[in-house]
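Architecture at a glance
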Amino acid sequence: MEKKFEFRKTIFDHGYVEYIDHMGSDQRIVDAARVSYEDGKNKKALSDESLIRYLVRHRHTSPLEMCEITFRISAPIFIARQWMRHRMASINEISGRYSVLDDKYYVPERIEKQSTDNKQGRSIEYIENESSTIYDIIHSNQDAFELYSNIIQLGAAKEIARTHLPLSTYTSFYWKIDLHNLFHFLRLRLDSHAQFEIRKYAEAIYEIIRQLFPIASSAFDDYILNSVQFSSMDMNVLFVILSKNNINNSLYF
């Protein structure tokens, strides 16, 4: 039985990643690349799959830019602001100046301590009084939205009423991006050092992308996501180690 395409994935309590549409496929990548030699010479030098893998491995990006994907995203504001640092995309977000925002907010299930060796990350230890702190977070959000509703009922402009709402408030936006820049987004946001919350969104997006571009996604796995890059200094050290162990360098490099 053919696997049903998953259009929407739920994230946390109120978040989601929803597929809207896309343009292109693995075949579009191949066709865009082969136009370079339309006279037919060397047309069969590589299979379609081998060509895509070559393009991804050697960072030939323009054929991948021929494919585009559009999602609708619902995420907490603090995640949306990280998201929009990826500027090579088209974004349109709900406006709190025009719309009354829903009283939906993100509450963490656990509260880890600040990492001692990563200024922007969390550790694996949890704070003391974690349960009571989560309780306080919930009630703080509830109070903020109650005040927001009261201010609107007084007739105040929505653009003013929204100003005190927390970063945990859910926002919604359309996001259109080409495949090359999406892979760049995923490389950064699937990394173990990325914030846990945005990593969950990246995982959901990649599950959808795998269904749309299976060959390109496999190449991305092998040559970008699960690969490492060596500096010239690293390479020199590796050559020394291999030489000391009488290993033929040509077998590896």
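Report follows, based on the coordinates. This one's a predicted model, so the numbers in the text were calculated from it and none came from an experiment. (Residues numbered from 1 in each chain as written. Predicted model: local features only at pLDDT ≥ 70, side-chain atom pairs only at ≥ 80, totals over all residues. Heavy atoms only, no water.)

1. A short note on the overall build of the protein chain
Counting its regular elements, the protein chain contains nine helices and seven strands. Over its C-alpha atoms the protein chain spans a radius of gyration of 23 Å, topping by over 25% the 18 Å that the globule rule assigns to 253 residues. Seen through its C-alpha atoms, the protein chain measures out along the principal axes to roughly 75 × 50 × 40 Å. In the protein chain, buried positions account for 34% of the 253 residues. Intrachain contacts of the protein chain at a sequence separation of at least 6 include 71% that bridge at least 24 residues. Looking at the protein chain as shown, the accessible area adds up to about 16100 Å², and 49% of this sits on carbon and sulfur atoms. The distance from the centre of the 31 positive side-chain charges to the centre of the 34 negative ones in the protein chain is 5 Å. (Helix = DSSP H or I, 4+ residues; strand = E, 2+ residues; numbered from the N terminus. Rg over C-alpha atoms; globule rule 2.2 N^0.38 Å. Buried < 20%, exposed > 50% of the residue type's maximum accessible area, 1.4 Å probe, protein only. Contact = heavy atoms within 4.5 Å. Areas by Shrake-Rupley, 256 points an atom, 1.4 Å probe, with all protein chains shown as cover. Lys, Arg positive; Asp, Glu negative; His and termini not counted. Charge placed at Lys NZ, Arg CZ, Asp CG, Glu CD.)

2. Remarks on the pattern of salt bridges
With the rule as written, the count across this model stands at 13 salt bridges. With its nearest N and O atoms 3.4 Å apart, the salt bridge here joins Glu18 to Arg8. Of this pair, Glu18 sits in strand S2 (residues 15-23) while Arg8 sits in strand S1 (residues 8-11), and the two are ten residues apart along the sequence. A salt bridge links Glu93 to Arg81; the nearest nitrogen and oxygen atoms lie 3.3 Å apart. (Salt bridge = Lys/Arg side-chain N within 4 Å of Asp/Glu carboxyl O.)

3. Side note on the sheet that holds S2
Paired through backbone hydrogen bonds, the strands of a sheet run either parallel or antiparallel to each other. Read across the sheet, five strands follow the order S1-S2-S3-S7-S4 without closing on themselves; strand pairing throughout is antiparallel. A strand with exactly one partner marks an edge of an open sheet, and here the two such strands are S1 and strand S4 (90-93). Direction aside, neighbouring strands of the sheet carry axes that sit 20° apart on average. With seven bridges connecting them, S2 and strand S3 (residues 68-76) associate as antiparallel partners. Bridge pairing in S3 places Tyr19 opposite Phe71. (Pairing = 2+ DSSP bridges. Axes fitted to C-alpha atoms, helices over the stretch in contact; angles between N-to-C directions.)

4. Considering helix H2 (residues 48-57)
Along H2, the positions that sit buried rather than exposed are Leu51, Ile52, Arg53, Leu55 and Val56. Buried positions along H2 lie against helix H1 (26-34) and helix H8 (214-225). Positive backbone phi, at 60°, marks Arg59, one or two positions downstream of H2.

5. Digging into the nonpolar core
Among the nonpolar cores identified, the biggest contains 46 residues, and Trp83, Trp175, Leu179, Leu186, Ile205 and Ile209 are the most heavily contacted of them. The contact partners of Trp83, leaving out residues within four places of it in the chain, are Ile73, Phe173, Trp175, Phe185, Ile198, Tyr201 and Ile205. Counting residues in each nonpolar core, the second largest holds nine residues, with Val107, Ile111, Phe145 and Leu165 among its members. (Core = buried A, V, L, I, M, F, W, Y, C linked by side-chain atoms within 4.5 Å.)

6. Some thoughts on the environment of Leu165
Note on placement: Leu165 falls in the loop between helix H5 (158-161) and strand S7 (170-178). We classify Leu165 as buried; its relative accessible area is 14%. Separated by 20 residues in the primary sequence, Leu165 and Phe145 have C-alpha atoms spaced 7.0 Å apart. Beyond its immediate sequence surroundings of up to four residues, Leu165 is in contact with Leu101, Ala144, Phe145 and Tyr148.

7. Digging into unusual backbone geometry
A positive phi angle, close to 55°, is found at Phe12, a residue other than glycine. By the element assignment, Phe12 lies in the loop between S1 and S2. A positive phi is found at Asn129, a non-glycine position, where the angle reads about 55°. Structurally, Asn129 is set in the loop between strand S6 (122-126) and helix H4 (130-153).

8. Observations regarding the packing of aromatic side chains
What the rule picks out here adds up to 15 aromatic pairs. Measuring from ring centre to ring centre gives 6.0 Å for Phe12 and Phe196, while their planes differ by 50°; the resulting arrangement is tilted. Of this pair, Phe12 sits in the loop between S1 and S2 while Phe196 sits in helix H7 (residues 196-212), and the two are 184 residues apart along the sequence. When the ring of Trp175 is compared with that of Phe185, the centres are 4.9 Å apart and the planes differ by 55°; the resulting orientation is tilted. (Phe/Tyr/Trp six-rings, centres within 6.5 Å; stacked < 30°, edge-to-face > 60°.)

9. Notes on the environment of Ile73
Tracing the sequence through the fold places Ile73 in strand S3. Since its relative accessible area comes to 0%, Ile73 is described here as buried. Distance from Ile73 to Ile224, taken between C-alpha atoms, is 25 Å for residues 151 residues apart in sequence. Look past the residues within four positions of Ile73 in its chain and what remains in contact with it is Tyr16, Val17, Trp83, Thr171, Ser172, Phe173, Trp175 and Tyr201.

10. Some thoughts on H8
Those residues of H8 not exposed but buried are Ala216, Ser217, Ala219, Phe220, Asp221 and Ile224. Tucked into the core, H8 has its buried residues touching H1, H2, helix H6 (179-189) and H7.

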